[in-house]
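# A structural walkthrough
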Amino acid sequence: MNIVVDANVMVAALIQHGIVRELILGHPGAFLTPETCLTEVWENRSDWNRREVPDDQVRRAIDALTADFITVLPRSTYRDKETEASPLISDPDD
């Protein structure tokens with residue numbers, strides 16, 4: 001089984017020790033995210049990086065998370081399903 005996560009879940013795994021991080025690290029390969037979420041995490045880092053961790057460290061943490069634990073899906077993988085999925089979600093950015 002695969003579980004699709006959004007940017008909020010990725011940020012939670014990056015910024016705090018807790019159940020979200022434990023679940024993701026404990027189940028490598030079980031989680032997927034669209035590439036747009038990865039972009040959203042990076043572009044909004046000033047909002048969630050309150051400790052002002054340097055960008056190179058943030059990038060390494062994101063890279064480690066997506067290299068070993070969360071599979072990033074290119075848009076071409078799901079593009080033909082976007083119209084079908086659209087009415088099923090409440091947040092248009094998801």
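For the structure, check the block above.
Residues numbered from 1 in each chain as written. Predicted model: local features only at pLDDT ≥ 70, side-chain atom pairs only at ≥ 80, totals over all residues. Heavy atoms only, no water.

Looking now at the overall build of the protein chain. Within the protein chain, the secondary structure is distributed over 7 helices and 3 strands. In the protein chain, the succession of helices and strands from N to C terminus is β-α-α-β-α-α-α-β-α-α. Considering only C-alpha atoms, the protein chain reaches an extent of 40 × 25 × 20 Å along its principal axes. Taking all 94 residues of the protein chain together, the buried fraction comes to 28%. Nonlocal contacts in the protein chain, meaning residues at least 24 apart in sequence, comprise 74% of its contacts between residues at least 6 apart. Of the roughly 6600 Å² that the protein chain leaves accessible, carbon and sulfur atoms contribute 52%. (Helix = DSSP H or I, 4+ residues; strand = E, 2+ residues; numbered from the N terminus. Buried < 20%, exposed > 50% of the residue type's maximum accessible area, 1.4 Å probe, protein only. Contact = heavy atoms within 4.5 Å. Areas by Shrake-Rupley, 256 points an atom, 1.4 Å probe, with all protein chains shown as cover.)

Moving on to the sheet that holds strand E1 (residues 3-4). Ordered in space as E1-E2-E3, the 3 strands form an open sheet in which the pairing is parallel. The sheet terminates laterally at E1 and strand E3 (70-73), the two strands that pair on one side only. Here strand E2 (residues 31-34) pairs with E3 via 4 bridges, running parallel. Pairing of Thr-33 across the sheet is with Val-72, part of E3. Against the sheet, helix H3 (residues 35-43) touches E2 and E3, its axis set at about 75° to E2. (Pairing = 2+ DSSP bridges. Axes fitted to C-alpha atoms, helices over the stretch in contact; angles between N-to-C directions.)

For the rest of this paragraph, the subject is the environment of Val-4. Note that Val-4 resides in strand E1. Considering only alpha carbons, one finds Val-4 and Thr-33, 29 residues apart in sequence, at a separation of 5.4 Å. In this structure, Val-4 is in contact with Leu-32 and Pro-34, ignoring residues within four places of it in sequence.

Before going further, it helps to spend a moment on the side chain of Arg-21. Its place among the elements puts Arg-21 in helix H2 (residues 19-26). A distance of 2.7 Å separates a polar side-chain atom of Arg-21 from the backbone oxygen of Ala-13. Residues within four places of Arg-21 in sequence aside, it is in contact with Ala-13, Leu-14, Ile-15 and Gln-16. (Polar contact = N/O pair within 3.5 Å; in protein donor to acceptor, adjacent residues only side chain to side chain.)

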